[in-house]
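Secondary and tertiary structure notes
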Amino acid sequence: MRIFKVIFWVLWRIWFYFLMALPIIIMFPFLFISILKEKWYPYFFVMARIWAKIILFGMGFHYKVEREQELEAGKSYMLVSNHTSMTDIMLMLALVRNPFVFVGKKELVKIPLFGFFYKRTCILVDRSSSKSRMEVFNRAQKRLAQGLSICIFPEGGVPDDESVLLDEFKDGAFRLALEHQIPIVPMTFPDNKNRFSYTFLSGSPGIMRAKIHHFVETKGHNTDKKEIKELREQVRDIIYKQLLKFNNKKSA
C-alpha cells in the first residue's frame, strides 16, 4: 500500500509543476506585455488569478470561504494570513479580486517560468539582510501609493518546527498598514498544510477552507513601537484562535 501512495505523491507533485507551467506558457505573450509597465499590473493580476484557479482545481482542491466582511473595489488593504504551503499563494489570488502585490522570499525566483514573473511582479525579501528589508518597505510604500494592496505572510516564512500552529509575527506588515492608514485583512487557511505541504511525499486533493475576518482598522493610530506590537498581536490572536476552532471542528 505504501508504494502506491509514494507513486501517487510523486506523480501528483509532477502534475502540480506541470499545472504551474502550462498556463504561463499559453499566456506568456500577454503576461510579458502586462509587466512592461507598472501601471499595467492590474491586467497581469487578472491573469495571475486565472493561473491560480487552474492550479487549485487541477490539483483537486476545492476552496470554501467564509467572509465576515467584503473588500471594496479600488481600495488598498494589507492582506495577511498564516503560511504553511506554496498553495497559500494560489488561494490568496483566488479569494481576493482587488489587485495586490506579494511580499515574498527570493528563493522562489529559482522556479522555472514562475520565477521569471515572480521576480518582476513581487517584492522580494532576503530575510538575512537588513538592507533588503528596508528596500522591501520602500517598494511596498510605492505600490500602496499606486492604489494597490499588499499581501504579506507575517510569520516571515513557513515554521521549521512542525508542531508550531502559528509562528510569531514580524512587524513589517503592521508598520506599513499604520504608515498608510489602510485596513488589515486577517485570513485563516487551516487546510493548506494537509493538502500540499513542503514535504514532498505528502498531501491529497480535498477541501481548502478559508476565513476572511473582520478588518482591523488602523486610522487614528500612530507608528510607534507600542502601537505596532499591539496591532501585530491583535491580528495574530484572531488567526490563532480561528486555527484552533478549525482544528477542533476537524477532530470533533
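Before reading further, recall that the structure is shown in the block above.
**Thoughts on the overall build of the protein chain**
Along its length, the protein chain carries eight helices and seven strands. For the protein chain, whose C-alpha radius of gyration is 18 Å, the value lies close to the compact-globule estimate of 18 Å for 252 residues. With the principal axes as the frame, the protein chain shows a C-alpha extent of 60 × 50 × 35 Å. For the protein chain, the proportion of its 252 residues judged to be buried stands at 48%. If you take every contact in the protein chain between residues at least 6 apart in sequence, the share linking residues at least 24 apart comes to 75%. For the protein chain, the exposed surface amounts to about 13000 Å²; the carbon and sulfur share of it is 59%. Separation between the mean location of the 38 positive side-chain charges and that of the 24 negative ones in the protein chain comes to 7 Å.

**Concerning helix H6 (residues 172–180)**
Considered for burial, the residues of H6 that qualify are Ala 173, Phe 174, Leu 176, Ala 177 and Leu 178. Positive backbone phi, approximately 55 degrees, marks Gln 181, located one or two places after H6.

**Here's the deal with unusual backbone geometry**
For Leu 113, which is not glycine, the phi torsion reads 65 degrees and is therefore positive. For Leu 113, the position within the fold is in the loop between strand S3 (100–105) and helix H4 (114–121). Overall, the relative accessible area of 30% leaves Leu 113 in the partly exposed class. Unusually for a residue other than glycine, Gln 181 sits at a positive phi of about 55 degrees. With respect to the helices, strands and loops of the structure, Gln 181 is situated in the loop between H6 and strand S6 (184–188).

**A word on the nonpolar core**
Of all hydrophobic cores here, the largest spans 78 residues; its most connected members are Trp 51, Met 78, Leu 79, Met 90 and Met 92. In terms of residues, this core owes the most to one element, helix H2 (residues 41–58), which gives nine residues. Those residues within four positions of Trp 51 in sequence are excluded, and the remaining contacts are Leu 19, Met 20, Pro 23, Ile 24, Met 27, Met 90, Leu 93 and Phe 114.

**Digging into the side chain of Ser 149**
Its location among the elements puts Ser 149 in strand S5 (residues 149–152). Side-chain polar atoms of Ser 149 contact the backbone nitrogen of Tyr 77, separated by 2.8 Å. Discounting chain neighbours no more than four positions away, the residues touching Ser 149 are Lys 75, Ser 76, Tyr 77, Asn 98, Pro 99, Phe 100, Val 101 and Leu 144.

**As for the side chain of Thr 218**
With respect to the secondary-structure elements, Thr 218 resides in the loop between strand S7 (206–212) and helix H8 (225–251). A relative accessible area of 0% means that Thr 218 is categorised as buried. If we skip the residues at most four places from it in the chain, Thr 218 touches Ala 177, Leu 178, Gln 181, Ile 182, Pro 183, Ile 184 and Leu 231.

**Some words on helix H1 (residues 2–34)**
With 33 residues, H1 extends 45 Å from end C-alpha to end C-alpha; this agrees with the ideal 48 Å at 1.5 Å per step. Where H1 bends most, the angle comes to about 75 degrees, and this point is Phe 28, followed within four residues by the proline Pro 29. For H1, the complete set of buried residues consists of Trp 9, Trp 12, Arg 13, Phe 16, Leu 19, Met 20, Pro 23, Ile 24, Met 27, Leu 31 and Ser 34. For H1, the elements touching its buried residues are H2, strand S1 (61–67), helix H3 (87–95), H4 and helix H7 (192–195).

**Observations concerning the pairing of S5**
Neither face of S5 is open: one carries Ser 149 and Cys 151, the other Ile 150 and Ile 152, and all of them are buried. Direction of pairing for S3 relative to S5: parallel, over a ladder of four bridges. Paired with Val 101 across the two strands is Ile 150, which belongs to S5.

**Observations regarding the sheet that holds S6**
Sheet strands pair by backbone hydrogen bonding; their relative direction is either parallel or antiparallel. A sheet is described by the order of its strands in space; here seven strands give the open sequence S1-S7-S6-S2-S5-S3-S4, paired in mixed fashion. A single partner strand is all that each edge strand has here, and the edge strands are S1 and strand S4 (123–125). For this sheet, the mean angle separating the axes of adjacent strands, direction not counted, is 25 degrees. Sheet contacts for H6: strand S2 (78–81), S5 and S6; angle to S2, the most-contacted strand, approximately 160 degrees.

**Let's talk about a nonpolar patch on the surface**
A surface patch of nonpolar side chains, amounting to about 510 Å² of accessible area, comprises Ile 25, Phe 28, Phe 32, Ile 33, Leu 36 and Leu 113. Tracing the sequence through the fold places Ile 33 in helix H1.

Procedures and definitions
- Every chain is numbered on its own, with residues counted from 1 as its sequence reads.
- Local features are withheld for residues below a pLDDT of 70 in this predicted model, meaning they are given only at 70 or higher, and side-chain atom pairs are given and counted only at 80 or more; totals for whole chains, interfaces and linings count all residues.
- Heavy atoms throughout the structure, all of them, feed into the side-chain values; hydrogens and water do not.
- A run of H or I in DSSP becomes a helix once it reaches four residues, and a run of E becomes a strand once it reaches two; helices and strands are each numbered from the N terminus.
- Taken over C-alpha atoms, the radius of gyration is set against a globule rule of 2.2 Å times the number of residues to the power 0.38.
- Relative accessible area decides the class of each residue, using a 1.4 Å probe on protein chains only: under 20% of the type maximum gives buried, over 50% gives exposed, and in between gives partly exposed.
- Between two residues, a contact is recorded if the distance between any of their heavy atoms is within 4.5 Å.
- Only the protein chains shown count as covering a residue, and every accessible area follows the Shrake-Rupley method with a 1.4 Å probe.
- Neither His nor the chain ends contribute to the count of charged residues, in which Lys and Arg are positive and Asp and Glu negative.
- A single reference atom marks each charge: NZ on Lys, CZ on Arg, CG on Asp, CD on Glu.
- Among buried residues, the Ala, Val, Leu, Ile, Met, Phe, Trp, Tyr and Cys ones that are joined through side-chain atoms within 4.5 Å form a nonpolar core.
- Any pair of nitrogen or oxygen atoms within 3.5 Å is treated as a polar contact; in protein, a donor-acceptor pairing is required on top of that, and neighbouring residues in sequence qualify only through side-chain atoms on both sides.
- Helix span, as expected, comes to 1.5 Å for every residue beyond the first.
- Bend is computed residue by residue as the angle between axes fitted to the seven residues ending at the residue and the seven residues starting at it.
- Strands were regarded as paired on the criterion that DSSP finds at least two bridges between them.
- Each axis is a line fitted through C-alpha atoms, taken for helices only over the stretch in contact, and angles between the N-to-C directions span 0 to 180 degrees.
- Nonpolar side chains (Val, Leu, Ile, Met, Phe, Trp, Tyr) are joined into patches within 5 Å and like charges within 9 Å, using only residues with over 30% relative accessible area and no salt bridge.
- Take a side-chain nitrogen of Lys or Arg and a carboxyl oxygen of Asp or Glu: if they are within 4 Å of each other, that pair is a salt bridge.

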